[in-house]
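Okay, here's what each chain looks like letter by letter:
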Amino acid sequence: MNNKLTIDLLSHLPITRPLLNDQERVFLAVLKGQVKSRSEATKSLSIRSTTISDYVAELLAMRLLTEVPSERAGRGRPSLILGVNANRLVTIVFQVISQSVHVFMVNLSAEIIAHEKIEAAPDSDNAVLESIFLRLYQAIIVKQPAEAGLAGIVFSLGGVFDRITWRWIHSSRWPGMNNLDIRSIFPGEEHAISMSRTLDNELLIHLLQQDESTLLLHWGYGVGFAFGHSGDRIVEGGYAFGEIGHWHIAGEAARCHCGQTGCLETVTALWSIGRQILGDEFQAGDDEEHIARLLEERDLSDNPVVQKAVAQITTAASNVCRVFFPKKLIISGPFVKNAGIWRAFCDGFSQQNSFFGQTIQALSVSQVSRDLGVYGAALPVLEQGLAKLLQER
Ligand SMILES: [Zn+2]
């Protein structure tokens, strides 16, 4: 990830809670690169120099900060430069990307310091996925730096899952997987394990860039949305919150993998219409970013399957906007990367958008890559880990 973006993300910390105290202000100021020495901290944070010295001494003892002489040449004592020991705290993020399970280790500076992946065949069942998760965990945990504490393990998942029972109920990538108990994969694991929606993590990145009430609609293998209006106010809802792909469409009767018939996904999702649109170039399980490139190149304006899908997605988006009335609507996924599809969506949406003369002003295509969502998953956990570390002192 490029430096500018890392700094942009870090500049929003803390995102899920208020600042703890002045000591945390000192640490975050160094982390964000705003402060490079004790005297700069005294000036820019308006904290007495003796207090700064106490805080820095504690942060050094906790190994969160480092302090080394500057390399400045010349006479006199070199000044001491404060830095962050970014590997003092790490988190592990599991994320599904196309047909593979990936695992990342992310440190306090939002850097990925380790990454592993294993492909899982479409017919993988609970036992296969369980063993893949375990193998990935074993492969990444040995890369944990010696000085690092583990803030927690996050499963950034798509599909349907229940945070309360720790069950991953369904994923369209692996229909043979059912009700996988995530926590039981790691018996005796002392670290906090949490589950978060990949779409929520992508939304968090958007909210960090601009904190406005935002509805993020994903239109790809599945259809779902996330809604929120700042880091700690992403709506969680129940176990299948946002899964509008399974709304019933009047007059449709095709069978859906959820067990119902006539779901929105049966006429709009990649799993159902991908082959009709792309023919043999479509491989189920293909990466959405690859599909986006295939779709981008084609003129699909006369394709009746596409026309029907656009019409249904437009109506679905308009209806969800009637629930949340967001300031911004962002669409992610491969379909809207096609200029013609995007234009048709915008035209349809602008017709349906007006409500008592009010409209949603901002409509855009998501530019947040799925990999960036890894940071959206990691940041809240790192932040909680940091708070715990600072409170334990
Ligand atoms: Zn369905």
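All values derive from a computational prediction rather than experimental measurement.

Secondary-structure assignment places Thr 268 in helix 7 (residues 265-268). In this structure the side chain of Thr 268 is engaged in a polar contact, spanning 2.8 Å, whose partner is the backbone oxygen of Leu 264. Excluding anything up to four places from it in sequence, Thr 268 contacts Trp 219, Val 223, Ile 273, Ala 309, Gln 312, Ile 313 and Phe 335.

A word on the packing of aromatic side chains. All chains considered together, the criterion is met by 16 aromatic pairs. Seen from their ring centres, Phe 155 and Phe 186 are 6.0 Å apart, and the 45° between their planes marks the pair as tilted. Within this pair, whereas Phe 155 is found in strand 6 (residues 149-157), its partner Phe 186 is found in the loop between strand 9 (180-181) and strand 10 (193-197), the two being separated by 31 residues in sequence. For Phe 155, a relative accessible area of 0% gives the class buried. Between the aromatic rings of Phe 345 and Phe 349, the centroid separation amounts to 5.8 Å while the plane-to-plane angle is 10°, which identifies the pairing as stacked. Of the two residues, Phe 345 and Phe 349 are both situated in helix 11 (residues 339-353); the distance of four residues between them amounts to about one turn of the helix.

Moving on, we get to the sheet that holds strand 10. Taken together, the five strands give an open sheet; going across it, the order is 5-4-3-6-10, and neighbouring strands pair in mixed fashion. Each edge of the sheet is formed by a strand with only one pairing partner; in this case those strands are strand 5 (112-119) and strand 10. Direction aside, the axes of adjacent strands within the sheet are offset by 20° on average. Pairing geometry for strand 3 (residues 89-97) and strand 4 (residues 100-107), over eight bridges, is antiparallel. Along strand 4, the bridge assignment pairs Gln 95 with His 102. Across the sheet, helix 5 (residues 126-141) touches strand 3, strand 4, strand 5 and strand 6, and the angle it forms with strand 5 is around 155°.

The rules we used
- By convention here, each chain's residues receive numbers from 1 onward along its written sequence.
- Local features in this predicted model are restricted to residues whose pLDDT is 70 or higher, and side-chain atom pairs enter the listing and the counts only when it is 80 or higher, whereas totals over whole chains, interfaces and linings include all residues.
- Excluded from the side-chain calculation are hydrogens and water; included are all heavy atoms of the structure.
- Helical segments are the DSSP runs of H or I of at least four residues, strand segments are the runs of E of at least two, and each set is numbered from the N terminus.
- The term polar contact refers here to a pair of N or O atoms within 3.5 Å; inside protein, the definition further demands a hydrogen-donor-capable atom paired with an acceptor-capable atom, and it admits residues adjacent in sequence only when both atoms are side-chain atoms.
- Throughout, a contact is declared for two residues whenever any of their heavy atoms are within 4.5 Å.
- The aromatic pairing rule takes the rings of Phe, Tyr and Trp, using the six-membered ring of Trp, and pairs them if the centres are within 6.5 Å, calling planes under 30 degrees apart stacked, those over 60 edge-to-face and the rest tilted.
- Residue burial is assigned from relative accessible area. The probe radius is 1.4 Å, only protein chains are included, and a residue is buried under 20% of its type maximum, exposed over 50%, and partly exposed in between.
- Strands are treated as partners if at least two bridges between them are detected by DSSP.
- Between N-to-C directions, angles span 0 to 180 degrees; the directions come from axes that are lines fitted to C-alpha atoms, helices contributing only their stretch in contact.

These figures come from the coordinates and say nothing about function on their own.
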